[in-house]
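Examination of the molecular architecture
Below, each chain spelled out in residue letters.
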Amino acid sequence: MYVEEEIFDSDNLYHCGTCDRLVKAAKEENSKPDVNLKDLQNEEEIDDPLMILKTILLQEESNLIPVDQLGQKLLKKIGISWNKKYRKQYGPLRKFLQLHSQTFLLSSDESTVRLLKNSTLQAEPDFQRNDQQIFKTLPSESPGFNGRTSCPHWFDINDSKVQPIKEKDIQQQFQGKESAYMLFYRKSQLQRPPEARGNPRYRVPRHLLSEMDAANIELQTKRAECDSTENNFELHLHLGPHYHFFNGALHPVGSQTESVWDLTFDKRKTLGDLRQSIFQLLEFWEGDMVLSVAKLLPAGLHVYQTLDGDSLTLSEIELADGEDIFVWNGVEVGGIQIPAGRDCEPLLLNVLHLATSSEGGKCQQLIEFPHVFPSNAEVGTVFTSLAIPGGVVLINNTESIGEKNWTTIPKVDLKKTFREQGLRNGSSILIRDSNHDNSLLAKQEKWITSMNEIDWLQVKNLCELESEEEQVRISATVNTVVFDIRIKAIQELKLMKELAENSCLRPIDRNGKLLCPVPDNYTLKEAGLKMGSSLGLCPGRAPTSSQLFLFFAVGSDVQPGTEMEIIVEETLSVRDCLKIMLEKSGLLGDAWHLRKMDWCYEAGEPLCDEDATLKELTICSGDTLLLIEGKLPPLGFLTVPIWWYQPQHPSGHWKSHQDRRNCTPSQGGIWRAISAQGAPGDVHAEVSLHYLGDIDISEDATLMELKSQAMTLPSFSEFVIPSPAFLRAWTVESKRPSRLLRADQQQLKEYKLGRRTEICLEPLQKEENLGPQDVLLRTQMRLPGERAYALPMNMVWDAARGWTAGSLRQRVADFYSLPVEKIEIAKYFPEKFEWLPISSWNQQITKRKKKKKQDNLQGAPYHLKDGDTIGVKNLLAEDDDDFSTVTDDIGKEKQKQLALGKRKSQEALRVQSSHVFSGAETPARPRGPEASLSIHVGSFR
């Protein structure tokens, strides 16, 4: 039983039986026996702290000791600390030493103490006399134990008595309620050996040490887990270079693994720490880095506020767990300025257009399609965005399909924004011709259009069987079962009854494409079919709940109407699905693989795990799979297309795989492109780009090993290259060299190349060893009196002192041996056919701090990087501001014509879409139709 120490003092002194007088004493237990127990001790000699401290100091060789160690030695001597025994009466230890300045001498900083000489001589006999009496004498033996103190023994102490207990009975005794605690005592005079001092593990049994270590490790693990749970959170980094702005929002160009990275970070760290960690993570990043809070909306990814204040912690800026962070340059993505903020939030709206088909009023058709509008745009912009001449706009904010309340927007309110009108994601807009019959509208400000009166679906006969009517209108409600509609359509079309067992209904979109069949047991609401929709009655049964209806096509260039269809089990493996599609396509061999078509109708990531089921890869009915020639590399390997790049002339155009027939080898083994465009020195002349072949290489291989393997390709035998060190490697994006791969010994997986990366190799005249701050630029001197440039020259610029315009101008001047004040330079943007002059005096002033900010060419508007073209003008030869060429004028004019033609084709397409049932031919499908997009953020690691 443990009892708190009891002090006998003042009016409650202890009567000592030895000296027969009242003395101060301390009681640590409520038991009287004192054999082998730390109980009542005679305190008459050791009660004087002055004597104790003098005794301790006399034991020191120099009589000098740190004050902290003095307290520790006191604890070892008497078995109780200063604060516990003396502080209440004498105050803190340092104060006691100060009050006895005639005995003790403190240092100036009061960190050490020593005895004064006179005190040393005076304390010597006292020490010799009392040391034995205080610290060497044994307590009187209790008569109750007959002097058996030499034999160690265990004692059980409870509230009422103390009794001996055998060691073998201890475990049984202290079980259940008695297991709350156990005290261990030792003699206060017991002296530990020197090797035990400072070693708490001395002579502790090994099994107890093991248990203690395991408990400590478990505790540390739990503390780390608790710390991680409390302070770590996950951020989803959306990388700007892997996104492009389309249809009012940001969408990933490739797969989620390339565009979205997950990062676990400590929210106690600052925004500056986060930015630095992202810089280290994204080794390929060049230029300014801006972090903005983003959010995944039905329309796509939208950017909100920019994170500012690098000294603030992530908790202080209120970043939440799972927050989406967009990493970009703060201005544009892919050359397009990005609207940011809540005001311009994109809204995904359902647009309905009630129009009359080519057959007149008999078949009034409802065209429905999704469209994205900025929330701060005026409602009237719906006409210009959809190329509709004009009309009446009605809106509906209810979610119910069957009970829609449509409200007409007066013309004066068309200048209000979508947000002011209360529209949100999923709201509907109905556009009605202004000369429409007013009988379709009810009175009183609440207008009910023909939408509420539409209680039918149009079914067209696509069974290739003759019928009296090509299409019929079937009455229905949102709860009508698809099977009933199909049977009624067969009856009204007066087709054979046998079709009831071998037919299905397929929705027809606004472009005339047949979509996935609708299961018979679905209601219209479950199938997502709206009143007024068009369906096609087609031969063949609809897929069951365990089957998938898939489109597939051969190659990546899919033309409208060329897709094939197939119904397979969702548990089918990718390998078996590939075999079935190859057999149905009439293709032979096993050098094929499947890719899923992405949202912009391009080949997406390959289905690498051929043993996985379609269900496991989230393949759904209606998806389109592409049969791509070429066998997939094993797991952990990359198939990399290799190109030969000979930059004799900077070019705004690059050859594709199909263009390699125009490349012919010249006498030196160098390939050149034959083109009628451009002249010698023209900045837009065609560039030699020759496809060498594909190589399969491990992701763990180095860049040097990739170059060596590329040199083994048969097409490479035409070139004379001494060693891989005489090759420069670039990634190819948008048919242009994009990123310079400069570290030959770096592994390919560290470059984050991805499975669709292409590499072009450039020959060098000598070995190259670019540093991390070296920038490789293509410089061209403008020819005086001509709107043309000389051949490009490679220039290496050391940007270690800063990416400033002044530093670059000085390097160019030194490169061409011209005075820096007699040159002008400009960066070329080939995709825009524009030149942007670079001036050293260009400085920016931030709004917040009102301080001049040194220009940085990595940021907007230059975004300077390796491989950029820099035009140089010698002001000694010509003094004007024009950097453009004749080819720039031609290129800009072509861009205008293409934009105009695209706009006209879109208008024609919208007109054509209103006549879906007027002809047998399927209208051409636009590339990248507007559709809602659901993005799932996967885990990268």
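Residues numbered from 1 in each chain as written. Predicted model: local features only at pLDDT ≥ 70, side-chain atom pairs only at ≥ 80, totals over all residues. Heavy atoms only, no water.

The protein appears in an unreviewed UniProt entry as Ubiquitin carboxyl-terminal hydrolase 40 isoform X14 from Equus przewalskii.

1. Comments concerning the overall build of the protein
Note the threshold: Secondary structure counts use DSSP, requiring at least four H or I residues in a row for a helix and at least two E residues in a row for a strand, with both numbered from the N terminus. Residue exposure (1.4 Å probe, protein chains only): buried if accessible area is under 20% of the type maximum, exposed if over 50%, otherwise partly exposed. Whether two residues are in contact is decided by their heavy atoms: any pair within 4.5 Å suffices. In these tables, accessible area is a Shrake-Rupley quantity obtained with a 1.4 Å probe, and a residue counts as shielded only by the protein chains included in the view.
For the protein, the count of helices and strands is 18 helices and 46 strands. For the protein, the residues scored as buried account for 44% of the 941 residues in total. At a minimum sequence separation of 6, the contacts of the protein that also span at least 24 residues come to 66%. When the accessible surface of the protein is summed, it comes to about 51800 Å², and 50% of that surface belongs to carbon and sulfur atoms.

2. What about the nonpolar core?
Selection rule: Throughout, nonpolar core names a set of buried Ala, Val, Leu, Ile, Met, Phe, Trp, Tyr and Cys residues whose side chains join them through atoms within 4.5 Å.
Ranked by size, the top nonpolar core spans 24 residues in total, and within it Ile 642, Leu 706, Phe 716, Ile 759 and Leu 761 carry the most contacts. Of all elements in the fold, only β33 (637-646), β36 (688-698), α16 (703-710), β37 (727-733) and β39 (758-763) reach the threshold of two or more residues within this core. Ranked by residues supplied to this core, first place goes to β33 with four residues. Beyond its immediate stretch of four places on either side in the chain, Ile 642 contacts His 690, Tyr 691, Leu 692, Gly 693, Asp 694, Ile 695, Leu 706, Ala 710, Leu 713, Ile 759 and Leu 761. One finds Leu 235, Leu 291, Ile 317 and Val 327 within the second-largest nonpolar core, a separate group that totals 22 residues.

3. Re the pattern of salt bridges
Here is the rule we go by: The term salt bridge refers to a pairing of a side-chain nitrogen on Lys or Arg with a carboxyl oxygen on Asp or Glu at a separation within 4 Å.
This model, assessed by the stated rule, comprises 29 salt bridges. Arg 275 is the salt-bridge partner of Asp 310, the closest N and O atoms lying 2.8 Å from each other. Of this pair, Asp 310 sits in the loop between β15 (300-306) and β16 (323-328) while Arg 275 is found in helix α10 (residues 271-281), placing the two residues 35 residues apart along the sequence. A single network of salt bridges, built from pairs that share partners, joins Arg 728, Glu 762, Glu 768 and Arg 778.

4. What about the pairing of strand β43 (residues 834-838)?
Counted only if it meets this: A pair of strands counts as paired when DSSP detects no fewer than two bridges linking them.
Two strands pair when backbone bridges link them, and strand β42 (residues 823-829) and β43 are joined in this way by five bridges, in the antiparallel orientation. If you follow Ala 826 over to β43, its bridge partner there is Pro 837.

5. Details of helix α13 (residues 482-492)
Along an α-helix, residues three or four apart share an orientation, since each turn contains 3.6 residues. Every buried residue belonging to α13 is among Val 482, Ile 485, Arg 486, Ile 487, Ala 489 and Ile 490, and all of these are buried. Those residues of α13 that are buried are in contact with β24 (456-461), β25 (471-475), β26 (503-507), α14 (524-527) and β27 (534-539). The positive-phi residue at the C-terminal boundary of α13 is Lys 494, with phi of around 55°.

6. Some points on the environment of Leu 703
When you line up the elements, Leu 703 lands in helix α16. According to the relative accessible area criterion, Leu 703 is buried, its value standing at 0%. Sequence separation of Leu 703 and Arg 742 is 39 residues, and the distance between their C-alpha atoms is 8.6 Å. Not counting residues within four places of it along the chain, the set of residues in contact with Leu 703 comprises Ala 729, Leu 741, Arg 742, Ala 743, Asp 744, Gln 746, Leu 748 and Tyr 751.

7. Details of the sheet that holds strand β40 (residues 774-781)
Operational definition: Note on geometry: axes are lines fitted to C-alpha atoms, helical ones only across the stretch in contact, with angles between N-to-C directions running from 0 to 180 degrees.
Spatial ordering of the open sheet is given by β41-β40-β46-β42-β43, a layout of five strands whose pairing is mixed. Single-partner strands in this sheet number two, and they are β41 (793-798) and β43. Direction aside, neighbouring strands of the sheet carry axes that sit 40° apart on average. Note: β40 against β41, six bridges, orientation antiparallel. Opposite Leu 776, over in β41, you have Val 796 as the bridge partner. Where helix α17 (residues 805-816) meets the sheet, it contacts β40, β41, β42, β43 and β46 (869-874), and its direction lies at approximately 135° from that of β41.

8. Quick notes on the confidence of the model for the protein
Applied cut-off: A residue's pLDDT is the predictor's confidence in that residue, given on a scale from 0 to 100.
On average, residues of the protein score 77 in pLDDT, and 76% of them reach the 70 mark or higher. Long-range and interchain partners of residues 123-150, a stretch whose pLDDT sits below 50, account for 36 contacts in this model, where long-range means more than four residues apart. Predicted confidence for residues 358-363 stays below pLDDT 50, and this span has 11 contacts to residues more than four positions away or in other chains.

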